[in-house]
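# Summary of structural features
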Amino acid sequence: MAEEGSFHIDPISQFAINPLFELNIGGFNLAYTNSSLYMTIAVALIGLFFLIASKHRDLIPNRMQSAAEMAYEGIAGIVRENAGPEGMKYFPLVFAIFFLVLLGNILGMIPGSFTYTSHIIVTLTMAVALFIFITLLGFSIHGTHFLSRFLPPGVPKVMAPMIFLLELFSYLVRPITLAVRLFANMMAGHMVLKVFAYFALGLLTSGSITLMAFGLVPLLVNVALIALELFVAGLQALIFTILTCVYLRDALVIEH
Amino acid sequence: MNEIEVAQLALQGSKALGAGIAMFGAIGAGIGLGLFLGNYVSALARNPGAAGEMGKVLWVGIGVIEAIAIFALSVALINLFV
C-alpha cells in the first residue's frame, strides 16, 4: 500500500475475466468473455497469416511466404527431432498448439490486452486434452503393452511395485507441470511488469525532485523486463511444443 | 492504535514475511541454473563443435529450471497482492 494513499498497487485486476455478452444455455454460463475474444483474435490472426502467405506459392518466395515456410520448417524440425519420423503424422496438432500458445503470449504483451495463457484453466485444458489424447494413442498403438513403459526391464522383483508407482506418478503429473509452467510464467511475468509500472508511477508522480529522479530506475527496469517477457513468451511456447513432442514420442515408441 | 489497526498491521507484516519465505524456492533454481550453465560452458570448452546441438538443450533447460523460480515468485506475488 502506498504511503501517500493516492493509489493502491493492484497487479491482479489485469487478469479479470469480463463477459462481453451473456449467454446461458441449460444452466451453463457460456458468456463470450474478453478471454474468448483474444482467443478468437489469435486464431483469426494465425489463419489469416497462413492463408495470405500461402496464396501465391511462388518458387521464389516473397517475405510472408518465407516467414510461413520458416515457421513450418522450424516446427517440423522440432517434431522430427523430438517425436521421431512417426510423429510427423501429428504435425498439424503440434503446429496448431505452438501458434495458439505463442499468439496468446505475444498478444498479452500489447499494453491493455488480455493474456489468455495466464489462466490455469486455459493451459490445463490444453495439457489435459493432450494428455488424454496421447494416452489413448499409446493404448491404441501398443495395446496393453503400453503399460510396460511404467516398468523398465531388469528391475528386481522386490522393487517392481515401487518403481511402477513412481513411473505412473511421474506420468500422471505431466499435464499438471506442463500447464503450471506456462501459466505461472505468464502470470508472474505480467504481475512483475505491473508492480514495476506501479513503482515508476508512484515515484514519478510523487512531486519531489529526488523521488522523481529515482523513479527513472523502475521505468528502465520495466523496459528491460518487457524485453525479457517477449523472450519468455517465445521460449515458453517453444517449451510447451517440445514437451508435447517428447510426450508424443513416449506413446509412439516403447524403448524396450 | 486500536485492536483492528494492530491486526491489519500484523496481517501486512505476515504477508510480506510469507512472500519472503516463499522466495526461498528461488535458491534451488539459482543453484540449479548455476550448475547447468557451468557444465554447459565446460562442455563447450571441451567440444566447441557441439555448440549447435547443445544450444537447443540449453534454452529448454533454462526455461524448465527457471520455471521453478517463477513458481516461487508467483506464490510470493499472490501472497503480497491478492
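The structure presented is a predicted model; accordingly, all values stated were derived computationally and were not measured.

Analysis parameters
- Residues numbered from 1 in each chain as written.
- Chains lettered and ligands numbered in written order.
- Predicted model: local features only at pLDDT ≥ 70, side-chain atom pairs only at ≥ 80, totals over all residues.
- Helix = DSSP H or I, 4+ residues; strand = E, 2+ residues; numbered from the N terminus.
- Rg over C-alpha atoms; globule rule 2.2 N^0.38 Å.
- Buried ≥ 20, exposed ≤ 12 C-beta atoms within 10 Å, placed from the backbone.
- Contact = placed C-beta atoms within 7 Å.
- Core = buried A, V, L, I, M, F, W, Y, C linked by C-beta atoms within 7 Å.
- Nonpolar A, V, L, I, M, F, W, Y, C, P; charged D, E, K, R; others polar.
- pLDDT = per-residue confidence, 0-100.
- Axes fitted to C-alpha atoms, helices over the stretch in contact; angles between N-to-C directions.
- Parallel < 35°, antiparallel > 145°, perpendicular 65-115°, else oblique.
- Left-handed = near helix turned anticlockwise from the far one by under 90°.
- Expected span 1.5 Å × (residues − 1).

Glancing now at the overall build of chain B. Helix and strand counts for chain B come out as three helices and zero strands. In summary, chain B has a C-alpha radius of gyration of 20 Å against a globular reference of 12 Å for 82 residues, an excess of more than 25%. Overall size of chain B, expressed as C-alpha extent along the three principal axes, is 70 × 20 × 10 Å. Looking at chain B as a whole, 13% of its 82 residues are labelled buried.

In terms of helices and strands, chain A carries eight helices and four strands. When the elements of chain A are put in sequence order from the N terminus, they spell out β-β-β-β-α-α-α-α-α-α-α-α. Taking 2.2 N^0.38 as the reference for a compact globule, 256 residues should give roughly 18 Å; the C-alpha atoms of chain A span a radius of gyration of 23 Å, well beyond that estimate. With respect to the principal axes defined by its C-alpha atoms, chain A has extents near 70 × 60 × 45 Å. Residues classed as buried in chain A amount to 28% of the 256 residues present. Within chain A, contacts between residues at least 6 apart in sequence are counted, and of these 62% link residues at least 24 apart.

Right, let's get into the nonpolar core. Ranked by size, the top nonpolar core spans 54 residues in total, and within it A:Phe98, A:Val101, A:Ala188 and A:Phe240 carry the most contacts. The residues contacting A:Phe98, other than those within four sequence positions of it, are A:Ile75, A:Ala237 and A:Thr241.

Taken together, the contacts link 13 residues of chain A with twelve residues of chain B. Counting residues per element, the side of chain A that touches chain B draws most heavily on helix α6 (residues 174–204) of chain A, at six residues. Classifying every residue of the side of chain A that touches chain B gives ten nonpolar, two polar and one charged.

Turning our attention to the confidence of the model for chain B. All names here are of chain B. Considering every residue of chain B, the mean pLDDT works out to 89; 100% of them sit at 70 or more. The element-level mean pLDDT for chain B is lowest in helix α3 (residues 51–81), coming to 85, with helix α2 (residues 25–46) highest at 93. With a pTM of 0.86, the predicted complex shows an ipTM of 0.77.

Attention now moves to the packing of helix α4 (residues 120–142) of chain A against α6(A). Residues and elements named next belong to chain A. Two numbers describe how α4 lies on α6: the axes approach to 8 Å, and their chain directions differ by 150°. Viewed along their axes, α4 and α6 adopt a mutual orientation that is roughly antiparallel. Judged by the twist between their axes, the crossing of α4 over α6 is right-handed. Seen from α4, the contacting residues are Ile120, Thr123, Leu124, Ala127, Val128 and Phe131; seen from α6, they are Arg174, Pro175, Leu178, Ala179, Val180, Leu182 and Phe183. The residue inventory of the contact of α4 with α6, partitioned by class, reads eleven nonpolar, one polar and one charged.

Let us now look at the packing of helix α2 (residues 63–83) of chain A against helix α8 (residues 216–252) of chain A. All names here are of chain A. Axis separation between α2 and α8 bottoms out at 8 Å; the angle between their running directions is 40°. With respect to α8, the axis of α2 lies oblique. The two elements α2 and α8 cross, and the hand of that crossing is right-handed. Taking contact as the criterion, the partners of Ile75, Ile78, Val79, Asn82 and Ala83 in α2 are, on α8, Thr241, Ile242, Cys245, Val246, Leu248, Arg249 and Leu252. Across the contact of α2 with α8, the residue classes tally to nine nonpolar, two polar and one charged.

Residues and elements named next belong to chain A. Tracing the chain through its elements places leucine 37 in helix α1 (residues 34–53). Of the residues examined, leucine 37 has 15 C-beta atoms within 10 Å and is grouped as partly exposed. Separated by 160 residues in sequence, leucine 37 and alanine 197 place their C-alpha atoms 26 Å apart.

With 17 residues, helix α3 (residues 91–107) of chain A ought to run about 24 Å at 1.5 Å a step, and its terminal C-alpha atoms sit 24 Å apart, in line with that. Here α3(A) has its buried residues at A:Val94, A:Phe95, A:Ile97, A:Phe98, A:Phe99, A:Leu100, A:Val101, A:Leu102, A:Leu103, A:Gly104 and A:Asn105.

The next point concerns the confidence of the model for chain A. Here chain A averages 88 in pLDDT, and 97% of its residues register 70 or above. This stretch, residues 1–5 of chain A, has a pLDDT under 50; its non-local contacts, to residues over four places away or in other chains, come to five contacts.

Residues and elements named next belong to chain A. Position of valine 195 relative to the elements: it lies in helix α6. The class of valine 195 is partly exposed, set by 19 C-beta atoms lying within 10 Å. Separated by 183 residues in the primary sequence, valine 195 and isoleucine 12 have C-alpha atoms spaced 9.7 Å apart. If we ignore the near neighbours within four places in the chain, the residues touching valine 195 are Ile9 and Pro11.

Once that is clear, we can look at the environment of B:Phe71. Here B:Phe71 is to be found in helix α3. What makes B:Phe71 buried here is the crowd of 20 C-beta atoms within 10 Å. The spacing of B:Phe71 and B:Arg46 is 25 residues in sequence and 34 Å in space, taken between C-alpha atoms. When near neighbours in sequence (up to four residues on either side) are disregarded, B:Phe71 contacts A:Ala184 and B:Gly25.

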